[in-house]
Amino acid sequence: MLDKLKLLLGIKDDSKDAILEFTLDRVEEIIKNYCNITEIPEELNTTVLSMAMELYRLENFGNEEGKKEVKSIQVGDTTTTFETSKDMNIAEELLKNYKAQLALYRKVKW
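Residues numbered from 1 in each chain as written. Predicted model: local features only at pLDDT ≥ 70, side-chain atom pairs only at ≥ 80, totals over all residues. Heavy atoms only, no water.

K.L.:
Mind laying out the packing of aromatic side chains, listing which residues take part and the relevant values?
P.N.:
Going through the model one piece at a time under the given rule, you end up with zero aromatic pairs. Positioned over the ring face of Tyr34 is Arg106, at 3.9 Å from the centre of the ring. (Phe/Tyr/Trp six-rings, centres within 6.5 Å; stacked < 30°, edge-to-face > 60°. Lys NZ or Arg CZ within 6 Å of the ring centre and 35° of its normal.)

Now the structure itself:
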């Protein structure tokens, strides 16, 4: 799965393998926790890859400066300010686009 993720992200060398493996592990953990399962079904492989690509881009892994958020843009006399919710969990942010695919594999937890 690592090779497919590298291909989808356009990464040609092995310099980011550890970061990509961490990303895949994190996505699998998010899916397992959300669906209350212990193993990822093969049918979810494309969902895992899609979520891993999104997580890699959201978290900006490997960048020492971390992710930068734009809060305000000024063009001439006009200023536009954006406010983001710092409290939103990255797992929730990631899951919101994939809940429909994951719902088929989600088990009720008592």
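K.L.:
Explain helix H2 (residues 17–35) to me, using residue names and the numbers behind them.
P.N.:
In a regular helix each residue adds 1.5 Å, so 19 residues correspond to 27 Å; H2 covers 27 Å between its end C-alpha atoms and thus fits that length. Buried within H2 are the following residues: Asp17, Leu20, Thr23, Leu24, Val27, Ile30, Ile31, Tyr34 and Cys35. End-on view of H2: buried residues confined to an arc of 150°, all on one side of the axis. In H2, those exposed residues whose orientation departs by more than 90 degrees from the buried face are Ala18, Asp25 and Asn33. Against the buried residues of H2 lie helix H1 (2–9), helix H3 (45–59), helix H4 (90–95) and helix H5 (99–103). (Helix = DSSP H or I, 4+ residues; strand = E, 2+ residues; numbered from the N terminus. Expected span 1.5 Å × (residues − 1). Buried < 20%, exposed > 50% of the residue type's maximum accessible area, 1.4 Å probe, protein only. Arc of directions from axis to C-beta. Contact = heavy atoms within 4.5 Å.)

K.L.:
Outline the side chain of Lys6, listing residues and values.
P.N.:
One can find Lys6 in helix H1. Accessibility expressed as a relative area gives 8% for Lys6, which makes it buried. A distance of 3.2 Å separates a polar side-chain atom of Lys6 from the backbone oxygen of Asp13. Only 2.7 Å separates the side chain of Lys6 from the side chain of Asp14, close enough to count as a polar contact. Here Lys6 is in contact with Ile11, Asp13, Asp14, Asp17 and Leu20, once residues within four sequence places are set aside. (Polar contact = N/O pair within 3.5 Å; in protein donor to acceptor, adjacent residues only side chain to side chain.)

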